[in-house]
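Remarks on the overall topology
Now for the letters of each chain:
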Amino acid sequence: MQTISSVSLIGAGSLANVFANVLHDILPECKLHSVLGRNQKKAETFASKYSSQAVFNIEDFLKDAAPVVVELAGGAALKEYALPILKSGRTMICLSSGAFADDAFKQEAIRTASENNGRICIVNGAIGGLDFLQTCAMQHGTAEVVIETTKSPKSLLGAPGLDGKNLALTKKTVVFNGGVQEAIKGFPKNINVGVITALASESPQTKVKIVSDPEVHSNTHKIIYRSALADAVMEFSGKPDPGNPKSSTTAALSAAACLKNLYSPISFW
């Protein structure tokens, strides 16, 4: 493996802690250089714990950030910081892929990266099987993709798509059944369909179903794919992160795996 000098983070929450621990245990050759955080106390505590620097605005961050920046702070943070980071020519590993559902932002990010030798890496998050979808996206013709996400009511609480409604705590309920763009806007922190949309297609054949189930103890993602090329059913269940039940620990691990893949002499796609 090539030497990984350092990496910087956006976000100092529970997933950032998972990522930092993976660096220490699995990728000791990679040093955590700095963290950009909104909450000064939390960012300083995080930085002290992992022997890195805490920064509180993008201008100071870019003066000395590592060549690779990992976003672990949510779609709003990705939209706020992606363009200046890409303009600086850095590689950005993005966990909050739903932000790219905003096509204007997506195209501007691509243009900025292209013009400044930057790079955007969208990771799997808590969902697998994306290598298969990426392969199938190379075919001609249409495909039907159904993405079904099942979470506990607590994990879905506060999503814009619920319009302030409370979810049933005693029965399984379908809270959304519709198109990709509407799903991402209504449930931006609960589903990772932005990356699937990017790999498969944004065709009307791509549908999303979101289920609230008080009996589940894991976040389950089921992908059903149908086309003239192949049929597939893929299901993944990840335990909610203890510090952030709206996400899965595997989401942070996927960012670490991406970092490893970037520098390894052999990569798996």
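Values in this document were obtained by computation on a predicted structure and should not be read as measured data. (Residues numbered from 1 in each chain as written. Predicted model: local features only at pLDDT ≥ 70, side-chain atom pairs only at ≥ 80, totals over all residues. Heavy atoms only, no water.)

Turning our attention to the pattern of salt bridges. Applying the stated rule across the entire model yields 5 salt bridges. Of the charged contacts, one joins Glu-115 and Arg-111 as a salt bridge, the two residues approaching to 2.6 Å between their closest N and O atoms. Residue Glu-115 and its partner Arg-111 are located together in helix α5 (residues 103-115), separated by 4 residues, close to a single helical turn. Judged by relative accessible area, which is 53%, Glu-115 ranks as exposed. Taking relative accessible area as the criterion, Arg-111 reaches 37% and is therefore assigned partly exposed. Shared partners join several salt bridges into a network, and the residues in it are Glu-108, Arg-111 and Glu-115. (Salt bridge = Lys/Arg side-chain N within 4 Å of Asp/Glu carboxyl O. Helix = DSSP H or I, 4+ residues; strand = E, 2+ residues; numbered from the N terminus. Buried < 20%, exposed > 50% of the residue type's maximum accessible area, 1.4 Å probe, protein only.)

You can see Ala-228 is positioned in the loop between β10 (219-227) and β11 (231-238). By relative accessible area, which is 86% here, Ala-228 ends up exposed. Once the C-alpha coordinates of Ala-228 and Gln-139 are considered, the two residues, 89 residues apart in sequence, prove to be 9.2 Å apart.

Let's shift gears to the sheet that holds strand β3 (residues 53-55). Read from one edge to the other, the open sheet built from 6 strands follows the order β3-β2-β1-β4-β5-β6, with strand pairing classed as parallel. Edge strands, defined here as strands with exactly one partner in the open sheet, are β3 and β6 (119-122). Between one strand axis and the next, the sheet turns through 25 degrees on average, direction left out of account. (Pairing = 2+ DSSP bridges. Axes fitted to C-alpha atoms, helices over the stretch in contact; angles between N-to-C directions.)

Here strand β4 (residues 68-71) shows a buried face lined by Val-68 and Val-70 and a second buried face lined by Val-69 and Glu-71. As paired elements, strand β1 (residues 6-10) and β4 share 4 bridges and run parallel to each other. Counterpart to Leu-9 in the pairing with β4 is Val-70. The sheet contact formed by β4 and strand β5 (residues 91-94) spans 4 bridges and is parallel. What sits directly across from Val-70, in β5, is Ile-93.

Let us look at the packing of helix α1 (residues 14-25) against helix α10 (residues 249-263). Relative to each other, α1 and α10 sit at 45 degrees, their axes nearing to 8 Å. One element, α1, and the other, α10, form an angle in the oblique class. Of the two elements, α1 crosses α10, and the hand of that crossing is right-handed. Side by side, α1 and α10 meet where Leu-15, Val-18, Phe-19, Val-22 and Leu-23 of the first sit next to Thr-249, Ala-252, Leu-253, Ala-255, Ala-256 and Leu-259 of the second. Of the residues in the contact of α1 with α10, the class split is 10 nonpolar, 1 polar and no charged. (Parallel < 35°, antiparallel > 145°, perpendicular 65-115°, else oblique. Left-handed = near helix turned anticlockwise from the far one by under 90°. Contact = heavy atoms within 4.5 Å. Nonpolar A, V, L, I, M, F, W, Y, C, P; charged D, E, K, R; others polar.)

The end-to-end C-alpha separation of α10 is 23 Å, in line with the 21 Å expected for 15 residues at 1.5 Å each. Within the sequence span of α10, burial applies to Ala-251, Ala-252, Ser-254, Ala-255, Ala-256, Cys-258, Leu-259 and Tyr-263. (Expected span 1.5 Å × (residues − 1).)

Positive phi values are uncommon outside glycine, yet Ser-51 reaches one of about 50 degrees. Within the secondary structure, Ser-51 is located in the loop between α2 (40-49) and β3. For Ser-51, a relative accessible area of 69% translates into the label exposed. A positive phi angle, near 60 degrees, is found at Asn-117, a position not held by glycine. For Asn-117, a relative accessible area of 67% translates into the label exposed.

This part takes up the sheet that holds β10. Sheet architecture is open: 5 strands sit in the order β8-β9-β7-β10-β11, paired in mixed fashion. Of all the strands in the sheet, the pair left with one neighbour each is β8 (173-179) and β11. Between one strand axis and the next, the sheet turns by 10 degrees as a mean value, whatever way the strands run. Inspection of the sheet shows β8 paired to strand β9 (residues 206-212) by 6 bridges, in the antiparallel sense. Bridge pairing in β9 places Gly-178 opposite Val-208.

Using the criterion set out here, one finds 4 aromatic pairs in the structure. Taking the centre distance of 4.8 Å and the plane angle of 50 degrees together, the rings of Phe-46 and Tyr-50 count as tilted. A relative accessible area of 3% means that Phe-46 is categorised as buried. Overall, Tyr-50 belongs to the buried group, its relative accessible area being 15%. (Phe/Tyr/Trp six-rings, centres within 6.5 Å; stacked < 30°, edge-to-face > 60°.)

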